[in-house]
Amino acid sequence: MDYMDRIEEAPQNEKSVSDHLRVLLKRKWTIIAVTVMVALIGSIKVLREIPLYRADARIVIEKDGPNVLSIQEVIGGDARASDNFQTQLKMIQSRSVAQEIIRRLNLLESKEFFPDPRTDPVSLAQAWFSRTRNHITGSIASLIATEAESAPTNSSEAGGDLDAEPPIPPWLVSSVINRIQVSPVQHSRLVDVGVTANDPRLAARMADTAVAAYIDQNLETKLQATKDAVRWLTERIADERKKVEAAERALLEYRKDEEIITDLSSNVESITAEKLSNINQQIIDAESERVQAETRYRQAMALQNDPEMFDAIPEVLGNDLVKDIKRLEMELHNRRSELSKKYGANHPRMVAIESELAQLAERKTNEAKRIVTSLRNQYNLALAREKSLKNAMESQKRESLELNKKAIQYRVLQRQAESSKHMYDLLIQRFKETSLVEEMKTGNIRIIDKAQVPARPFSPDVRRGIVLSLVLGLFLGGGLAFVLEYLDNTLKYPEEIKEYLGLAYIGMVPAYDVNEKLGDIDARLITAQSTNAPPSEGFRAIRTAILFSSPDVNMQVLLVGSAVPAEGKTLCA
């Protein structure tokens, strides 16, 4: 097994802190060189950076704008929700706000974004590389472009409008957006809007312009929503007016066709029910009267053929004329009884009394017949009244059903007309409110502090950059030292012989030049010629170690070997 194989198979013991320190001390010049180089590169980079200045403007985003009118419900301006607050923060960094900043500050002609080309070698190299890359990219794009896309446009399209604003490059918009930082103040509705730029005055102007553009955009959005609401309300009002006219016309035509004079309100059914209840009560009373009249009439008819039984009829008994006749009959009977004592039956006075009694009996019979006829008439009248009331009941039922049908359709048309009128009035009210809001430029965003021109740069931090470069250099140098130590497979210390080769260490000879002449002394026989030289001490120490390694054996042969030629085997032997 050769030297390299034994090194690879040697057990790798854990390194202690002293071993790591030894590696660092051993590679200290490498670490120092790397640290100095990295620190130098970092320092140069930091010092070459163009200083950036940051200006901050502070605004407040209220929960909602001044609630002048309830039209806020129409445009839906609810800024109280947290998600809406986050949306407002993102709107500050929108492309529309960035484009407005570019237009207002005329950044297309600003040296900040369109600086003069540098003439130093690094900048020239970068510019050449950029031009080459753009040329290659453009060539590839032109090769894969379709014929329709590459076809030239007509003269009017190619020429464009000479008075139109120049187009804003997308990279410029992105650059402006990247320069805007939005930082909400915790536990408040305040927001800091910061802008970084190489020119401190431009940074302040951009911050103020960003805030103003955002406020104008927010207000314009609300006003546009109000204008849209006005336009929508105008269209709806015209439609609702037609609906109101159609509904009222339908109601009027229905009242005319059905000959409805009064208003069929909701109490029509109760009135109809009351009428039916009254008629029903009258029918009950009429039926009772008819039964009573019929009973009296039937009783009188049963006794009509027997004049002697007329007195059993209550109406006959209660008749005043019949009572007078009975009284007269009683008187005549009394006179006849008295005269019968004196005269005979054929006496003129007796005959006269009999004649008067006959006349009274005839008158009583005629009156009884008249009373019976009156009872029949009362019965017929009660019967006719009962039938009339029943007919009226049926007629009232039919009328009530028909009226209910009319009332249902009438109320449907009436509700439709009222609903259309209510919607029309509501739209008119909203239209008036919206028209007023359109004339009021109110918003929920206000500027608290305008941006101040910064006195010192925001970036770079030279001290911090240099410290970080030194720290990074130390880490890289230390890492490189350990990597080099890991890749180094040579033996540098006596302990490594036993650790990697598993052999005993017997001594070390300091390096010296064998071709050097030490006066008259041959350096190859330094142990014989110069006994006090350090190499001689090394050889004597090796001799002593060899002798003590086998004290009981008289060694006669000693082999001296090496890993590669010309390492000093012959000299050592």
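Counting from 1, residues in each chain are numbered in the order their sequence is written. pLDDT decides what is reported in this predicted model: residues at 70 or higher carry local features, side-chain atom pairs at 80 or more are listed and counted, and totals for whole chains, interfaces and linings draw on all residues regardless. As a rule here, side-chain values cover all heavy atoms of the structure and leave hydrogens and water aside.

**Student:** I would appreciate a short explanation of the overall build of the protein chain in the present structure.
**Tutor:** Counting its secondary structure elements, the protein chain contains 20 helices and 6 strands. The buried share of the protein chain, taken over its 573 residues, is 27%. Looking at the protein chain alone, contacts between residues at least 24 apart form 80% of all its contacts between residues at least 6 apart. Every accessible area reported is derived by Shrake-Rupley at a probe size of 1.4 Å, with residue values counting cover from the shown protein chains alone. Surface accessibility of the protein chain: about 38800 Å² in total, with carbon and sulfur atoms responsible for 56%. What counts as a helix is a DSSP run of H or I of at least four residues, what counts as a strand is a run of E of at least two, and both are numbered from the N terminus. Only protein chains enter the accessibility calculation, which uses a 1.4 Å probe; a residue whose area is less than 20% of its type maximum is buried, one above 50% is exposed, and one in between is partly exposed. Residue contacts are defined here by distance: any two heavy atoms, one from each residue, within 4.5 Å place the two residues in contact.

**Student:** Just checking my understanding: could you explain the packing of aromatic side chains for this structure?
**Tutor:** Geometrically, a pair of aromatic rings is defined through the distance of the ring centres and the angle of the planes. Pairing of aromatic rings covers Phe, Tyr and Trp, the last counted by its six-membered ring, and requires centre-to-centre distances within 6.5 Å; plane angles under 30 degrees mean stacked, over 60 mean edge-to-face, and any other angle means tilted. For the structure on display, the rule yields 1 aromatic pair. Aromatic side chains Phe114 and Trp171 sit 5.4 Å apart centroid to centroid with 65 degrees between the ring planes, which places their arrangement in the edge-to-face category. In this pair, Phe114 sits in the loop between helix 6 (95–105) and helix 7 (121–144) while Trp171 sits in helix 10 (residues 170–179), placing the two residues 57 residues apart along the sequence. Trp171 sits in the partly exposed class, given a relative accessible area of 44%.

**Student:** Just to check I follow, could you spell out the packing of helix 3 (residues 28–48) against helix 16 (residues 462–487) for this structure?
**Tutor:** The geometry of a pair of packed helices is captured by two quantities: the angle between their axes and the separation between those axes. Only the stretch in contact is used when fitting a helix axis, every axis being a line fitted to C-alpha atoms; angles between N-to-C directions are given from 0 to 180 degrees. Look at helix 3 against helix 16: their axes get within 7 Å of each other, and the N-to-C directions meet at 150 degrees. Between helix 3 and helix 16, the angle is such that the two are roughly antiparallel. Every pair of crossing elements has a handedness; the one defined by helix 3 and helix 16 is right-handed. What sets the label is the angle itself: under 35 degrees gives roughly parallel, over 145 gives roughly antiparallel, 65 to 115 gives roughly perpendicular, and the rest give oblique. Note: crossing handedness is left-handed where the near helix turns anticlockwise from the far helix by less than a right angle, and right-handed where it turns clockwise.

**Student:** For this particular structure, what's the right way to read the packing of helix 6 against helix 10?
**Tutor:** Axis separation between helix 6 and helix 10 bottoms out at 9 Å; the angle between their running directions is 100 degrees. When the interaxial angle is binned, helix 6 and helix 10 end up roughly perpendicular. Touching Arg95, Ala98, Gln99, Ile101 and Ile102 of helix 6 are Pro170, Leu172, Val173, Ser174, Val176 and Ile177, all from helix 10. Polar here means any residue other than Ala, Val, Leu, Ile, Met, Phe, Trp, Tyr, Cys and Pro, which are nonpolar, and Asp, Glu, Lys and Arg, which are charged; Gly is therefore polar. Broken down by class, the residue content of the contact of helix 6 with helix 10 amounts to 8 nonpolar, 2 polar and 1 charged.

**Student:** I tried to follow helix 16 on my own but got confused; where do I start?
**Tutor:** Because an α-helix completes one turn every 3.6 residues, residues spaced three or four positions apart along the sequence face the same direction. For helix 16, spanning 26 residues, the distance from its first C-alpha to its last is 37 Å, which sits close to the expected 38 Å at 1.5 Å a residue. If you check which residues of helix 16 are buried, you get Gly465, Ser469, Gly473, Gly477, Gly478, Ala481 and Glu485. Against helix 2 (17–26) and helix 3 lie the buried residues of helix 16. Given the number of residues in a helix, its expected span is that number minus one, multiplied by 1.5 Å.

**Student:** What is the right way to read the sheet that holds strand 4 (residues 445–449) from this model?
**Tutor:** Strand pairing in a sheet is mediated by backbone hydrogen bonds. Such pairs are either parallel or antiparallel. Here 4 strands make up an open sheet; going across it, the order is 2-3-1-4 and the pairing antiparallel. What marks the edges here is a single partner per strand, and that holds for strand 2 (180–184) and strand 4. Strand-to-strand twist in this sheet, taken as the mean axis angle between neighbours without regard to direction, amounts to 30 degrees. The pairing of strand 1 (residues 53–61) with strand 3 (residues 190–197) spans 8 bridges and is antiparallel. Within strand 3, the position partnered with Tyr53 by the bridge is Ala197. Two strands pair if DSSP finds at least two bridges between them.

**Student:** Help me out: how do you make sense of the pattern of salt bridges in this one?
**Tutor:** Pairs can form between side chains of opposite charge whenever their charged atoms are close. Salt bridges are defined by distance alone: a side-chain nitrogen of Lys or Arg within 4 Å of a carboxyl oxygen of Asp or Glu. Applying the stated rule across the entire model yields 9 salt bridges. The residue Glu100 makes a salt bridge to Arg104 at a minimum N-O spacing of 2.9 Å. Of this pair, Glu100 and Arg104 both sit in helix 6, 4 residues apart, roughly one helical turn. Assessed through its relative accessible area of 37%, Arg104 is described here as partly exposed. The residue Lys421 makes a salt bridge to Asp425 at a minimum N-O spacing of 3.1 Å.

**Student:** Could you clarify how one ought to interpret the nonpolar core in this entry?
**Tutor:** Nonpolar side chains in soluble globular proteins tend to end up buried together. Side-chain atoms within 4.5 Å are what join buried Ala, Val, Leu, Ile, Met, Phe, Trp, Tyr and Cys residues into a set we call a nonpolar core. One finds Ile59, Ile101, Leu107, Val176, Val191 and Met206 to be the most contacted residues of the largest nonpolar core, which totals 36 residues. At the level of elements, strand 1, helix 5 (82–92), helix 6, helix 10, strand 2, strand 3 and helix 11 (200–257) are the ones that each hand at least two residues to this core. The biggest single contributor to this core is helix 11, with 10 residues.

**Student:** I keep staring at a nonpolar patch on the surface and nothing clicks. Help me out?
**Tutor:** For patch building, the residue pool is restricted to those with more than 30% relative accessible area and no salt bridge; the joining distance is 9 Å between like charges and 5 Å between nonpolar side chains (Val, Leu, Ile, Met, Phe, Trp, Tyr). Taken together, the side chains of Val17, Leu21, Leu24 and Phe482 present a nonpolar region at the surface, about 340 Å² in accessible area. Considering every element that reaches the nonpolar patch, the biggest residue donor is helix 2, with 3 residues. For Val17, the position within the fold is in helix 2.

**Student:** Please clarify how the confidence of the model for the protein chain should be interpreted in this entry.
**Tutor:** The predicted coordinates should not be examined in detail at positions where pLDDT is low. On average, residues of the protein chain score 75 in pLDDT, and 76% of them reach the 70 mark or higher. Known as pLDDT, the predictor's confidence for each residue is given on a scale from 0 to 100. Long-range and interchain partners of residues 65–81, a stretch whose pLDDT sits below 50, account for 32 contacts in this model, where long-range means more than four residues apart. Note on residues 146–160: pLDDT is under 50 here. Beyond four places in sequence and across chains, it has 1 contact.

**Student:** I would appreciate a short explanation of the pairing of strand 1 in the present structure.
**Tutor:** The two faces of a sheet get side chains in turn, since along a regular strand they alternate between them. Relative to strand 4, strand 1 runs antiparallel, the two being bridged by 4 bridges. Paired with Arg58 across the strands is Asp449, a residue of strand 4.

**Student:** Hey, could you run me through the environment of Lys45 in this one?
**Tutor:** Structurally, Lys45 can be placed in helix 3. Between the C-alpha atoms of Lys45 and Pro460, which are 415 residues apart in sequence, the distance is 10.0 Å.

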